[in-house]
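# Structure assessment
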Amino acid sequence: MQAQTHSNPVEDTITRAREGAKTMRAVVQRAYGSTETLQLDQIAQPQVEAEQVLIEVHAAGLDRGVWHLMTGKPYLLRLMGFGVTRPKNPVPGADVAGRVVAVGRDVTRFAVGDEVFGIARGSYAEYAVADASKLAHKPESISFEQAAVASVSGITALQALTEVGKVEPGQHVLVIGASGGVGSYAVQLGKALGARVTGVASAAKAELVRSLGADDVIDYATTDYLDGSASYDLIVDIGGRNSLRKLRKALTRTGTLVIVGGEGGDRWTGGISRQLRAPLLSLFTSQRLTMFISAERQSYIERLAEYMDRGEVTPTVGQTYRLDQVPQAIDDLVAGRAQGKSAIVIR
Ligand SMILES: NC(=O)c1ccc[n+]([C@@H]2O[C@H](COP(=O)([O-])OP(=O)(O)OC[C@H]3O[C@@H](n4cnc5c(N)ncnc54)[C@H](OP(=O)(O)O)[C@@H]3O)[C@@H](O)[C@H]2O)c1
């Protein structure tokens with residue numbers, strides 16, 4: 001990707017470049033599509049609103065959501081406020097870690113100079129704005145790269161296990177998709193919460209899952225892990241898109257299923273019917289079948305920071321990429337080549 005400077009006024013809504021405005025390098029996408037739609041541009045720095053913070057980005061994280069928002073698939077998400085014909089926010093990236101350089105007039109929790117991490121609006125850039133309510137102070141014990149890959153996946157795993165899954169010490173938890181973004185946190189948090197954790201992943205990433213603390217690791221390609229030979233108190237379903245019938249077979253009589261997601265659904269809805277049917281079916285069985293959409297709350301990010309500061313959760317930074325390598329980073333993630341979480345290192 002080559003850096004380009006814009007002079008075309010038609011693109012003002014994308015570049016937000018104004019006379020005299022400070023500029024920055026950023027990855028910009030003008031249309032939904034593949035990584036070929038991404039370009040490295042020189043655009044205006046974002047401006048903070050009253051409850052926002054401007055962050056000098058040190059590192060940004062990559063998760064599946066970035067791919068969904070880049071492609072606009074499933075199409076359903078375009079109707080959920082992300083832009084019908086093209087992305088509303090032209091700069092991709094959500095996970096962020098960096099230093100505060102400006103605060104909105106209503107922000108009291110953060111000051112210029114603070115090291116923060118959390119969820120921003122467009123973090124694949126030298127500067128990004130974030131709602132103050134989606135940030136936490138970065139623990140000194142973790143690096144910017146580690147903090148940058150923590151929030152989106154980490155708070156999803158935290159909610160799946162606690163608020164939704166209500167895991168208890170001693171319970172047996174099955175994490176399907178244990179080597180991925182959400183799964184790598186679910187395994188570590190499950191252990192920190194006192195559960196016995198079995199992780200499902202590809203053989204190539206079994207060692208990674210073991211290093212996260214999983215008690216057992218199962219290769220999904222060679223083992224039918226839902227055949228009923230083992231019963232789990234909690235299944236955190238992050239990959240593989242197994243049917244509800246199969247998942248229920250591997251649950252105890254009063255066990256809980258938490259559907260987080262899974263790739264490969266249809267392009268219109270992403271196969272969300274599985275998620276919608278689970279709570280309905282749950283009304284007629286002793287098992288608890290649930291799904292949820294992660295809530296991007298400061299309290300979860302702060303709780304995650306405490307786990308990381310205590311050393312109970314360590315973000316697994318796999319590959320690191322420069323800003324101009326974001327297309328490569330996304331292609332690697334989608335092809336399954338990412339080991340651990342990928343970070344975009346900007347400073
Ligand atoms: N509900 C929510 O709010 C929420 C929040 C975040 C993410 N999500 C969704 O959750 C899903 C996972 O996100 P992520 O960031 O963790 O993705 P990811 O990093 O790509 O991880 C996917 C995981 O699924 C595993 N997997 C792939 N094929 C599988 C199969 N056939 N059987 C079992 N496991 C399989 C992968 O294992 P290998 O890599 O070892 O092959 C990997 O561990 C996505 O669909 C995402 O959109 C939902």
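Residues numbered from 1 in each chain as written. Predicted model: local features only at pLDDT ≥ 70, side-chain atom pairs only at ≥ 80, totals over all residues. Heavy atoms only, no water.

Let us look at the sheet that holds strand β10 (residues 196-201). The strand order β11-β10-β9-β12-β13-β14 describes an open sheet built from 6 strands, whose pairing is parallel. The outermost strands of the open sheet, each flanked by one partner alone, are β11 (216-219) and β14 (288-291). Here the strands of the sheet are splayed against their neighbours by 15 degrees on average, with no regard to which way each runs. Where strand β9 (residues 172-176) meets β10, 5 bridges bridge the pair, whose relative direction is parallel. Each bridged residue has a counterpart across the sheet, and for L174 the counterpart in β10 is T198. On top of the sheet, helix α5 (residues 181-192) reaches β9 and β10; it is set at about 165 degrees to β10, its chief contact. Across the sheet, helix α8 (residues 273-282) is in contact with β12 (232-237), β13 (251-259) and β14; its angle to β14 comes to roughly 150 degrees. (Pairing = 2+ DSSP bridges. Helix = DSSP H or I, 4+ residues; strand = E, 2+ residues; numbered from the N terminus. Axes fitted to C-alpha atoms, helices over the stretch in contact; angles between N-to-C directions. Contact = heavy atoms within 4.5 Å.)

The domain boundaries assigned to the protein chain delineate domain 1 (9-149 + 317-345) and domain 2 (153-291). For domain 1 and domain 2, the distance between their C-alpha centres works out to 29 Å. Each side of the interface is counted separately: domain 1 has 15 residues, and domain 2 has 15 residues. Here domain 1 meets domain 2 over a buried area of about 1100 Å², counting both sides, of which 53% is carbon and sulfur. Counting across the domain 1 and domain 2 interface gives 1 salt bridge. The partner of E263 in a salt bridge is R64, with the nearest N and O atoms 3.9 Å apart. Our count for the domain 1 to domain 2 interface comes out at 9 residue pairs in polar contact (both at pLDDT 80 or more). (Domains from an automatic or database assignment. Buried area = accessible area lost by both parts, 1.4 Å probe. Salt bridge = Lys/Arg side-chain N within 4 Å of Asp/Glu carboxyl O. Polar contact = N/O pair within 3.5 Å; in protein donor to acceptor, adjacent residues only side chain to side chain.)

Within this structure, the stated rule accounts for 18 salt bridges. D224 is the salt-bridge partner of K246, the closest N and O atoms lying 3.6 Å from each other. Here the residue K246 occupies a position in helix α7 (residues 244-249), and D224 occupies one in the loop between β11 and β12, the gap between them amounting to 22 residues. According to the relative accessible area criterion, D224 is partly exposed, its value standing at 41%. (Buried < 20%, exposed > 50% of the residue type's maximum accessible area, 1.4 Å probe, protein only.)

So, on to the packing of helix α4 (residues 151-164) against helix α9 (residues 298-309). The contact between α4 and α9 brings their axes to 9 Å, and the two run at 95 degrees. The pairing of α4 with α9 is recorded here as roughly perpendicular in orientation. In this structure, α4 contributes S151, G154, I155, L158, Q159, T162 and E163 to the contact, and α9 contributes Y300, I301, R303, L304 and Y307. Split by residue class, the contact of α4 with α9 holds 6 nonpolar, 4 polar and 2 charged. (Parallel < 35°, antiparallel > 145°, perpendicular 65-115°, else oblique. Nonpolar A, V, L, I, M, F, W, Y, C, P; charged D, E, K, R; others polar.)

As paired elements, β10 and β11 share 4 bridges and run parallel to each other. When the bridges of β11 are listed, A201 appears paired with D219. A crossover links β10 with its parallel partner β11, the connecting element being helix α6 (residues 206-211), and its sense is right-handed. (Right-handed = clockwise from strand over helix to strand, strands pointing away.)

Now for the site of the ligand. Every one of the 25 residues lining the ligand counts as a neighbour, but S179, S202, Y220, E263 and S294 are closest to it. A distance of 2.6 Å is found between an oxygen atom of the ligand and a side-chain nitrogen or oxygen belonging to S202. Within the side chain of K205, one N or O atom sits 2.9 Å away from an oxygen atom of the ligand. Against a free-state accessible area of 950 Å², the protein chains account for coverage of 80% of the ligand. Listed by contribution, the elements that provide at least two residues to the shell around the ligand are α2 (64-71) and α5. Class assignment of the residues belonging to the shell around the ligand gives a composition of 10 nonpolar, 12 polar and 3 charged. (Near = heavy atom within 4 Å. Areas by Shrake-Rupley, 256 points an atom, 1.4 Å probe, with all protein chains shown as cover.)

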